[in-house]
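Structural characterization, general
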Amino acid sequence: MIDRLIKGRHTITMSLWLPYTQMQTVLPPLNVVRTNGCYLSLDDGKQLIDAVASWWTACHGYNHPYIIESITDQAHTLPHVMLGGLVHPQAKKLANRLCSLLPASLTKVFFSESGSVAVEIAMKMALQYWMNLNIFSKTQFVCFEHGYHGDTFYTMSVCDPDEGMHRLFHPVLPKQHYQVLPTSDDLLEAFEQTLKDYAHTLAGCLLEPLVQGAGGMKMHAPETIDAIVSLCRKYNVLVIMDEIFTGFGRTGSLFAFQQSNSTPDILCLSKALTGGMLPLAVTIASDTIFNAFLSDDPDKALMHGTTFMGNALGCAAANASLDLFENEPRLEQVAVIETALTGALIPLKDVPGVKDVRVKGAIGAVQCETFSTPILNWFKSEFIKNGIWCRPFGDIVYTTPAFTIAPHQLAHITDSIITLVQQWSSQFYRK
Ligand SMILES: *Cc1c(COP(=O)(O)O)cnc(C)c1O
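What comes next concerns the included structure. Predicted, not measured: the structure shown is a model, and the values here were computed from it. (Residues numbered from 1 in each chain as written. Predicted model: local features only at pLDDT ≥ 70, side-chain atom pairs only at ≥ 80, totals over all residues. Heavy atoms only, no water.)

Digging into the nonpolar core
What tends to happen in soluble globular proteins is that the nonpolar side chains get buried as a cluster. Where we set the bar: Within this scheme, the nonpolar core is defined by two criteria: the residues are buried Ala, Val, Leu, Ile, Met, Phe, Trp, Tyr or Cys, and they are joined through side-chain atoms within 4.5 Å. Each residue is placed in one exposure class: buried if its accessible area under a 1.4 Å probe, protein chains only, is under 20% of its type's maximum, exposed if it is over 50%, and partly exposed if it falls in between. Comment: elements are numbered from the N terminus, with helices defined as DSSP H or I runs of at least four residues and strands as E runs of at least two. The contact criterion used throughout is that any non-hydrogen atoms of two residues lie within 4.5 Å.
Membership of the largest hydrophobic core comes to 115 residues, with the highest contact counts inside it found for Phe248, Val366, Phe379 and Val421. With eleven residues, the single largest contributor to this core is helix α5 (residues 115–132). The contacts of Val421, once residues within four sequence positions are left out, are Leu348, Val351, Val354, Val366, Cys368, Phe379 and Val397. Ranked by size, the runner-up nonpolar core spans six residues in total, among them Ile71, Leu313, Ala317 and Leu324.

This is the structure in C-alpha cells:
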C-alpha cells in the first residue's frame, strides 16, 4: 500500500489544483470534514492530531467557541463594508489594540487579506516613503538567505533565490541584494559592506525576526536582529519585519522582535492574527513612515486598497483572538510546549542523518539530510498511520502545534517524530 503511494502515479478526480503540488505524483489529499481543538476529522471517521495547526495559524486550536461567537455576532450585525470612505468599529478597535501592544513608534495599521499582500504593501510603502522625500534612487531591498516573504511577484523577489520555490521566476523578478544572515562578526562585516556600497539604492531590509519559517525553520539570536537593525539605521535603510509566521506568541513572546532591543519601521502580521479562523493581514507603519505620506499633493498618498481589506468578520475574529491572548495563559502554554519540545526532540541530534534540532517557543524542527519526494510521502503516510497530521518539507520534520494542545497530544506528536526519524535513519539514510 505504502509502496504504491510512494511510487505510483495518481489521477485525482477533483477540480482542485493544490498549492505547491506536483499534481501527477501527489498523494490523494485527505478529506477533512470537521475540525475541533487539535483534531482534524476525516470523512472515513479517522481523527488526526494536527501537528502543524494549519500552517501555524490555529494558535487557540480549531473552532474556539469564543471566536466563533464573535464572528457569528458580527455576521448578523455587519459582515463587511468597503474601507474606502467607510470604517467600522471592529477595524478601529483592532487597529488601536494592535498599536497598543506594540512600541509607541508603530502607529498606523493598513489592512489586507493575506501575508504576501501585507509584505507587498510594506515594500510599496518603503519605496514610496523615499520617493515622497524626493529620493528616487532607493528602489531595491536587502534580504536574507532562507528568507520567505510570500508568493506574489514582488515578494518572490525577496525570497531566498536559490533554495526558494520561486527560482524559476528569477529572470523576470526585480533584482535585490541577498545576504547570508549576519550571525557572526565576519558576516556582519559583509552585511555592512553591502549596506555601505548600496545604501543609495536601498529602500529597505526584510527580516523574519528570530525564526525563518518556510525557509526551513532557521533560528537566530535576538542579538542578530539588533545588529541588523542598528546597521540599517546607520545606512538609512528602512527595516521591515515580517512576523507573519512568528507573530502572536509562536516564539514565546507576543512578537518575536520584542525579544530584541529593536523596533521595525514597518511590521507585517497575518497567519495567527485571527486565531487561524479567517484570512486577514496588517502592515503596521511607524509615525515617521506615515508622516512622509502626508502632503497637499494627492500623488503622495499610499495608492493601495484591496477590496476586502479590513473585513469585519476577520477583524471580529482578530479582536476575539486578542481577548483570548489577554484572558487565557497562551504565552505560558507556549513556554510549557517549548520545554516539552526541547526535552523530547533535542536528543535526536545524535541520530545518524540528523543535522540539527531546533526549538523556539512552540516550534520544534528536526533538520536531516534532504528528503526525496518518496521519503517525504513515506513520512506523511507513517504520521497518518500514527494518527497525526505532520507535513515534513525539504530537509525538515517540524511541529508548530496549537498553543492549547494537551500534554498527552503533544507527547504523541513528539513520540511519533522520534520514532519515524529513527526509523528513517536506520532504513533509508545512507552515509
Ligand atoms: C506565510 C508567510 C507569508 C505569506 O503569507 P500568505 O498569507 O501565505 O500570503 C509571508 N511571510 C512569512 C514569514 C510567512 O510565514
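Notes on helix α13 (residues 407–427)
For clarity, the cut-off: Given the number of residues in a helix, its expected span is that number minus one, multiplied by 1.5 Å.
With 21 residues, α13 should cover 30 Å at 1.5 Å per step; its first-to-last C-alpha distance of 30 Å lies within 8% of that length. Turning to α13, its buried residues number three or more, namely Gln409, Leu410, Ile413, Thr414, Ser416, Ile417, Ile418, Leu420, Val421, Trp424 and Ser425.

With respect to unusual backbone geometry
Despite not being glycine, Ser54 has its phi angle at roughly 50°, a positive value. When you line up the elements, Ser54 lands in helix α2 (residues 53–56). Residues other than glycine seldom take positive phi values, yet Lys271 does so here, at roughly 30°. If you trace the backbone, Lys271 turns up in the loop between β11 (266–269) and β12 (281–286). Classification of Lys271 as partly exposed rests on a relative accessible area of 26%.

Looking at the site of the ligand
Put simply, the rule is: Nearness is judged by heavy atoms alone; a residue qualifies as near a molecule or strand once a single heavy atom is within 4 Å of it. By the criterion applied in these results, polar contacts are pairs of N or O atoms within 3.5 Å in which, for protein atoms, one can donate a hydrogen and the other can accept it, and in which residues neighboring in sequence qualify only through two side-chain atoms. In this count, Pro and Cys sit with the nonpolar residues alongside Ala, Val, Leu, Ile, Met, Phe, Trp and Tyr, while Asp, Glu, Lys and Arg are called charged and the others, Gly among them, polar.
Surrounding the ligand, one finds Ser114, Gly115, Ser116, Tyr148, His149, Gly150, Glu208, Asp242, Ile244, Phe245 and Lys271. In this structure, Asp242 approaches the ligand through a side-chain N or O atom, which is 2.6 Å from a nitrogen atom. Residues that form the shell around the ligand fall into these classes: three nonpolar, five polar and three charged.

Regarding the packing of aromatic side chains
Heads up, the condition is: Stacked, edge-to-face and tilted labels apply to pairs of Phe, Tyr and Trp rings (six-membered ring for Trp) whose centres lie within 6.5 Å, assigned for plane angles under 30 degrees, over 60, and everything in between, in that order. Charge over a ring is defined by NZ of Lys or CZ of Arg lying within 6 Å of the ring centre and within 35 degrees of the ring normal.
Within this structure, the stated rule accounts for 18 aromatic pairs. Consider the rings of Phe248 and Phe325, whose centres lie 6.3 Å apart with planes at 45°: the pair is tilted. Within this pair, whereas Phe248 is found in the loop between β10 (238–242) and β11, its partner Phe325 is found in helix α10 (residues 312–327), the two being separated by 77 residues in sequence. Classification of Phe325 by relative accessible area gives buried; the value is 12%. Relative to Phe428, the ring of Trp378 has its centre 5.0 Å away and its plane inclined at 65°; by these criteria the two rings are edge-to-face. With Trp378 in helix α12 (residues 373–385) and Phe428 in the segment after α13, the pair connects residues that are 50 residues apart, well separated along the chain. Following the ring pairs from residue to residue traces out a cluster consisting of Phe371, Trp378, Phe379, Phe383, Trp424, Phe428 and Tyr429. Across from the ring centre of Phe290, 4.8 Å away, lies the NZ or CZ of Lys108, which sits over that ring. Its guanidinium or amino end placed over the ring of Trp130, Lys138 lies 4.6 Å from that ring's centre, counting from NZ or CZ.

Considerations on the environment of Val117
Within the element layout of this structure, Val117 appears in helix α5. For Val117 and Thr152, which are 35 residues apart along the polypeptide, the C-alpha to C-alpha distance reads 7.4 Å. For Val117, the residues in contact, after removing those within four places along its chain, are Ser112, His304 and Thr306.

What about α12?
End to end, α12 covers 18 Å across 13 residues, agreeing with the expected 18 Å (1.5 Å per residue, within 8%). Directly after α12, the chain includes Gly387, whose backbone phi takes a positive value near 80°.

Focus on the packing of helix α11 (residues 330–345) against α13
The following threshold applies: Note on geometry: axes are C-alpha line fits, over the in-contact stretch for helices, and angles between N-to-C directions span 0 to 180 degrees. What sets the label is the angle itself: under 35 degrees gives roughly parallel, over 145 gives roughly antiparallel, 65 to 115 gives roughly perpendicular, and the rest give oblique. Left-handed is the label given to a crossing in which the near helix is rotated counterclockwise from the far helix by less than a right angle, and right-handed is the label when the rotation is clockwise.
Relative orientation of the contacting elements α11 and α13 amounts to 25°, with a least axis distance of 10 Å. With respect to their mutual orientation, α11 and α13 come out roughly parallel. For the pair α11 and α13, the crossing hand works out as right-handed. Mapping the contact onto sequence places Ile337, Ala340, Leu341, Ala344 and Leu345 in α11 and Leu410, Thr414, Ile417 and Ile418 in α13. Of the residues contributing to the contact of α11 with α13, the split by class is eight nonpolar, one polar and no charged.

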